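Descriptive analysis of the structure
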Amino acid sequence: MAHSAPGLPSHDWCSVHSSADSLAPEWLVVPDDANALAPGVWPRSSVRSPDGQILLGGMTASEIAGQYGTPVMVLDEDEVRTRARSFRDAFAAATGRHGTTARVYYAGKAFLSTAIARWVTDEGLNVDVCTRGELEIALAADVDPARIGFHGNNKSRDEIERAVSVGIGTIVVDSAIEIERVAEISERLGAVQRVLVRVNSGVHAETHDFLATAHEDQKFGMPFADAVTAVARIRELASLEFLGLHCHIGSQIFGVAGFRESASRVLELHEQLRAGGEVPLLNLGGGFGIAYTSVDDPTPIEQLAAEIVDAVAEGCAQRGIPMPALAFEPGRAIVGTAGVTLYEVGTTKPVRLGSDESRLYVSVDGGMSDNARPALYGAQYSARIASRTSDVEPALVRVVGKHCESGDIVVDHEYLPGDITPGDLLAVPATGAYCASLSSNYNHVPRPAVVAVSAGASRIIVRGETIDDLLSRDAGISTKEGAR
Ligand SMILES: *Cc1c(COP(=O)(O)O)cnc(C)c1O
């Protein structure tokens, strides 16, 4: 069987070492130094301090944990800004070479707060939202509504009305029913709403693979034939303006092949639609991958951007049509690597599984409530002791949370110094995307604070929940004001 890349939900449990660490997957090697911070997995500012602690944005893990408690999600502001800039610059350069422009939207679902919305828009990005809640956060951050895009397969009338009335830049429509809904609302509000039509190209990509079929059996987007009818309808409606097609093929994608295949398919439809009027824009979505562990090596964005845009240009040249403006929607690739979750180790327990097989379970004070991705997708992460270094021989560990669920895994497989012990701070990198945004109150565990760090200073950008927050939603508990 093929080597199964970390980050994919299915793992190849057959191919494991036959050495002492027969419980370790093939991709995980015993590190030379179980204190080292793998380049690309950690924010660029992360280094060990002279006393061995991990520094995040110039602050030691102990300083951060002492000030805010654990678990805490630490976001490196400079990392977010640098990544936002590099996406903007890479796509500007790649499209500039072909005489067109690119709009880069930050996909807010990866993690949205007003601070992040400000950072990414400061650096020249636009913002994608897909619910009323995400829209309100972006508006509260004073993002220019013209720079916001609205996605989703089931936007409510209330959501559409709010979006149109604030003057949202684009709405990506996902069904024939929604076209009528947006048209009726924008007509009533006296607006002309710019829309894109989301299509389903039949291409689904993840990590190193992509699957291309005639039809993809999923809820998003319209099949090409339906999109032709949809665009004709939009062009009939005075309250709508058709901008172009939208297509999003997956997530945690490392290669360019899936984008290329999808772009070539969508361009065929794009060309066809030009017979009925202008098609100024083509949005190819997001899905750019990041390194979760040291074995992931995502292609640099400059190269990805150049290859994707060149492929579109080639397709346009073949068809003899002008290059449209392009749009892209990275989420994970902007914030993922900027986030590091700090936990405190509560217990450790060796679990013997055979005569010479043993795994050290390390329990931390969070878990699937602050990072659902391992439970949801079988996602792989890595970890390091953050409060000190150790020269003790590495042990194979599984980092688990405090929830009443055996699938409550934080880091499935990792080598950590064998003397890891209660009270140690544990840092899990690459948690900036789809962790805080997917967090829950499972087991009535309060959601952790999100703290931004930069140049040796820190500040709360989303405060942690308290037990009072949890109690306040229970209608059966009398509060001081409520008690009669
Ligand atoms: C989820 C999503 C994105 C962002 O995906 P990432 O993998 O975080 O880059 C972009 N566009 C659409 C339509 C999405 O649904």
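Before reading on, note that the structure itself is shown above.
A brief look at the structure comes next. The structure displayed is predicted, hence computed values, not measured ones. (Residues numbered from 1 in each chain as written. Predicted model: local features only at pLDDT ≥ 70, side-chain atom pairs only at ≥ 80, totals over all residues. Heavy atoms only, no water.)

1. Observations concerning helix 2 (residues 77-96)
With 20 residues, helix 2 should cover 28 Å at 1.5 Å per step; its first-to-last C-alpha distance of 28 Å lies within 8% of that length. Measuring from the side-chain oxygen of the N-cap residue of helix 2 to the backbone nitrogen of Asp78 gives 3.1 Å; that N-cap residue is Asp76. (Helix = DSSP H or I, 4+ residues; strand = E, 2+ residues; numbered from the N terminus. Expected span 1.5 Å × (residues − 1). Polar contact = N/O pair within 3.5 Å; in protein donor to acceptor, adjacent residues only side chain to side chain.)

2. Points about the site of the ligand
In the vicinity of the ligand lie 15 residues, with Lys109, Gly287, Glu329, Arg332 and Tyr434 positioned nearest. In this structure, an oxygen atom belonging to the ligand sits 2.8 Å away from a main-chain N or O atom of Gly287. Alone, the ligand offers 380 Å² of accessible surface; in the complex the protein occludes 93% of this. The cavity where the ligand resides is the largest pocket. Residue composition of the shell around the ligand, grouped by class: four nonpolar, seven polar and four charged. (Near = heavy atom within 4 Å. Areas by Shrake-Rupley, 256 points an atom, 1.4 Å probe, with all protein chains shown as cover. 1 Å grid on protein atoms, 1.4 Å probe; cavity = no way out; pocket = protein on both sides within 12 Å on 5 of 7 lines; lining within 4 Å. Sits in = over half its atoms within 2 Å of the grid points. Nonpolar A, V, L, I, M, F, W, Y, C, P; charged D, E, K, R; others polar.)

3. Comments concerning the packing of aromatic side chains
Following the criterion strictly, the structure yields six aromatic pairs and no others. Between the aromatic rings of Phe87 and Phe91, the centroid separation amounts to 6.3 Å while the plane-to-plane angle is 40°, which identifies the pairing as tilted. You can see Phe87 and its partner Phe91 sitting in helix 2, four residues apart, about one turn around the helix. Relative accessible area serves as the criterion here: at 4%, Phe87 is assigned to the buried category. For Phe91, a relative accessible area of 0% corresponds to the buried category. Between Tyr292 and Tyr381, the aromatic rings sit 5.1 Å apart at their centres with planes inclined by 80°, giving edge-to-face as the arrangement. Separated by 89 residues along the polypeptide, Tyr292 in the loop between strand 14 (281-283) and helix 9 (301-319) and Tyr381 in the loop between helix 11 (373-377) and strand 18 (384-385) bring together distant segments of the chain. (Phe/Tyr/Trp six-rings, centres within 6.5 Å; stacked < 30°, edge-to-face > 60°. Buried < 20%, exposed > 50% of the residue type's maximum accessible area, 1.4 Å probe, protein only.)

4. A short note on the nonpolar core
Ranked by internal contacts, the top residues of the largest apolar core, which has 108 residues, are Tyr106, Ile171, Val197 and Phe288. Residues from two domains meet in this core; each of domain 1 (13-76 + 337-471) and domain 2 (100-333) gives at least three. Once you skip the residues sitting within four places of it in the chain, Ile171 turns out to touch Phe150, Lys155, Ile160, Ala163, Val164, Val182, Gln193, Arg194, Val195 and Leu196. Residues Leu37, Ala61, Ala427 and Val451 belong to the second largest nonpolar core, which totals 21 residues. (Core = buried A, V, L, I, M, F, W, Y, C linked by side-chain atoms within 4.5 Å. Domains from an automatic or database assignment. Contact = heavy atoms within 4.5 Å.)

5. Remarks on the pattern of salt bridges
For the structure shown, the criterion picks out 25 salt bridges. Glu123 is paired through a salt bridge with Arg81; the nearest N and O atoms lie 2.8 Å apart. You can see Glu123 sitting in the loop between helix 3 (114-122) and strand 6 (126-129) and its partner Arg81 sitting in helix 2, a full 42 residues away along the chain. Given the relative accessible area of 18%, Arg81 is considered buried. For Arg233, the salt bridge goes to Glu236, with nearest N and O atoms at 2.8 Å. Of this pair, Arg233 and Glu236 both sit in helix 7 (residues 224-236), three residues apart, which is roughly one turn of the helix. (Salt bridge = Lys/Arg side-chain N within 4 Å of Asp/Glu carboxyl O.)

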